[in-house]
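Structural characterization, general
The primary structure of each chain is shown beneath.
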Amino acid sequence: MTLEEWSPRTAVKKNLGRFFKLPDSFMAKLAGLSPNVSLQFKLAGSPSLMLRESTLDLVQRVEAEGAKEACTTSFILDGSRGSGKSSTLLQTSSLLKSKGWIVILVPRMSQWTSGVEPYEKAASGDLYVQPVLAAKFLQLMMDWNAAAFAKIPAGNGSKQTIADVALAGIAKIDTAQTAVETVFSALFAAKDRAPVLLALDQIGAIYRTTSYFSSESKPLTADQFALPALIHKTLATLGQSRTAIVGAVDRTESLVSSRYFKYALKNMSPMNQSHGLLLSQVGTLDLASRDEFGVILPEYLDPTHSDAFSKSNKNPPKHLSRFVVPPYTKDEVAKALEFYKDNQVLFSDISDKLVAKRFMLTQGNPLGVFDSCVSL
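Here the structure is a predicted model, which means the values were calculated and not measured.

Details of the packing of aromatic side chains
A full pass over the atoms with the stated rule returns 19 aromatic pairs. Taking 3.9 Å as the distance between ring centres and 5° as the angle between the ring planes, the aromatic pair formed by Phe 19 and Phe 339 counts as stacked. Highlighted residues: Phe 19 in strand β1 (residues 19-21) and Phe 339 in helix α11 (residues 330-342), separated in sequence by 320 residues. Given the relative accessible area of 8%, Phe 19 is considered buried. The buried category is assigned to Phe 339, whose relative accessible area is 4%. Ring plane angle 75° and centroid distance 5.1 Å describe the contact between Trp 112 and Phe 137, whose orientation is recorded as edge-to-face. Of this pair, Trp 112 sits in the loop between β4 (102-106) and β5 (120-121) while Phe 137 sits in helix α5 (residues 131-149), and the two are 25 residues apart along the sequence.

So this is what it looks like as structure tokens:
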């Protein structure tokens, strides 16, 4: 089945409910995807996602933020597990890239805190640096924005551009962290440039304890690392010219969930009106919510006082706007089933009865709808 490409031309209201293929040029630059999104793309035969009203709403808000002289908020995509937060972030990033934005997309923030990358104490200060990871981040930014970076001066009277700084950091990894900081500073200070989108999936991964340990075998929190600390500072200060920041929380992988973000968002009203409501709400027990004696705390008590990151973080986000990605409507469930049928993921005949049953069983959850096609 041949699908049209996701672009400014196709991302319009008359196409709501249709699936569009993310551009090959965009997909070629992605440095990893969530397992659920990867599986859907593989089985459907293409990186295709549904155009939803919530996506257009988010894009409109992000574009408005990117037009401001000073960034005033960070958008945080929230919603139930499998609601499409990562997909919405991908669609937004791809569309704005097509419109000429400078896009810095990190699809797996968990890679910054997973304990895999080499790390060492910085020569000065109390932070740890991850030289190889910093070089990879520079390469990621260059892959997306080499031409734009080549036009932005590095500042401080230097004749270099931030592209020159990035390439130097990639070539000599012991300077990579300093290069990242220089690129960020010059990029956000630049006046005559395209708008910038900083898009961070699994943002909670850098607001929690990491899988790294100190020389005394004590767990290290994300704010003790220079790269996450740079993002913390960016969200804490805001004010960047022509910049929009979008993060997505991960409710699928427990090892990257953040108690800090969970309770920051818990009592925050969503900025958008969700068009879908869960038919029922399953209760959860946060087994990580323990006090210093190992006692599980009840839901009404804020457990962040026992969270190491919450106690150590000195750069809380300045202003967050919670954007909820809603479940599918019944009509969207029908369109999703038709798409999976056309692409040989679903082999059942589609009827009103089947649509109603899947809508009821999955509560309109997009991942649940996909799983129901794969498992039967």
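Observations regarding the nonpolar core
Counting 84 residues, the largest nonpolar core has Phe 137 and Phe 184 as the members making the most contacts within it. Among all residues touching Phe 137, those that are not within four sequence positions of it are Ile 104, Val 106, Trp 112, Val 180, Phe 184 and Leu 227. Formed by 18 residues, the second largest nonpolar core is a distinct cluster that contains Tyr 328, Val 333, Phe 339 and Cys 373.

Here's the deal with helix α6 (residues 162-171)
At 3.6 residues per turn, the α-helix brings residues three or four places apart onto the same side. Within α6 the residues assigned to the buried category are Ile 162, Ala 163, Val 165, Ala 166 and Gly 169. Down the axis of α6, the buried side of the element spans an arc of 160°, and every buried residue falls inside it. Along its buried surface, α6 packs onto α5 and α7 (176-189).

Describing the pairing of strand β3 (residues 74-78)
Buried residues dominate β3, accounting for 5 of its 5 residues. Of the two faces of β3, the one carrying Ser 74, Ile 76 and Asp 78 and the one carrying Phe 75 and Leu 77 are both buried. Sheet topology note: the β3/strand β10 (residues 243-248) ladder contains 4 bridges and is parallel. By the bridge assignment, Leu 77 is partnered in β10 with Ala 248. Both β3 and strand β11 (residues 320-324) contribute to a ladder of 5 bridges, which runs parallel. Within β11, the position partnered with Phe 75 by the bridge is Ser 321.

Some words on empty space enclosed by the protein
Counted under the stated rule, the structure contains 3 cavities of 30 Å³ or more. Every element with two or more residues in the lining of the largest cavity is listed here: α2 (35-44), β2 (48-50), α4 (85-98) and α13 (366-375). Looking at the lining of the largest cavity, its residues break down into 13 nonpolar, 12 polar and 6 charged.

Brief notes about the sheet that holds β10
Here we have 5 strands laid out as an open sheet, ordered β4-β7-β10-β3-β11, and parallel in their pairing. The sheet terminates laterally at β4 and β11, the two strands that pair on one side only. When the angles between neighbouring strand axes are averaged without regard to direction, this sheet yields 20°.

Notes on the pairing of strand β7 (residues 196-201)
Extensive coverage of β7 is indicated by the burial of 6 of its 6 residues. Residues Val 196, Leu 198 and Leu 200 of β7 are buried on one face, and the alternating residues Leu 197, Ala 199 and Asp 201, pointing to the opposite face, are buried as well. Summarising the sheet, β7 and β10 pair through 6 bridges and their orientation is parallel. Looking at β10, one finds that Val 196 is bridged to Thr 243.

Quick notes on the packing of helix α3 (residues 53-66) against α4
Relative to each other, α3 and α4 sit at 50°, their axes nearing to 10 Å. Regarding the angle of α3 to α4, the classification is oblique. α4 is crossed by α3, and the crossing has right-handed handedness. The residues of α4 that touch α3, namely those facing Thr 55, Leu 58, Val 59, Val 62 and Glu 63, are Thr 88, Gln 91, Thr 92, Leu 95 and Leu 96. By residue class, the composition of the contact of α3 with α4 is 5 nonpolar, 4 polar and 1 charged.

Calculation criteria
Residues numbered from 1 in each chain as written. Predicted model: local features only at pLDDT ≥ 70, side-chain atom pairs only at ≥ 80, totals over all residues. Heavy atoms only, no water. Phe/Tyr/Trp six-rings, centres within 6.5 Å; stacked < 30°, edge-to-face > 60°. Helix = DSSP H or I, 4+ residues; strand = E, 2+ residues; numbered from the N terminus. Buried < 20%, exposed > 50% of the residue type's maximum accessible area, 1.4 Å probe, protein only. Core = buried A, V, L, I, M, F, W, Y, C linked by side-chain atoms within 4.5 Å. Contact = heavy atoms within 4.5 Å. Arc of directions from axis to C-beta. Pairing = 2+ DSSP bridges. 1 Å grid on protein atoms, 1.4 Å probe; cavity = no way out; pocket = protein on both sides within 12 Å on 5 of 7 lines; lining within 4 Å. Points joined across faces, edges and corners; volume = space filled by probe spheres on them. Nonpolar A, V, L, I, M, F, W, Y, C, P; charged D, E, K, R; others polar. Axes fitted to C-alpha atoms, helices over the stretch in contact; angles between N-to-C directions. Parallel < 35°, antiparallel > 145°, perpendicular 65-115°, else oblique. Left-handed = near helix turned anticlockwise from the far one by under 90°.

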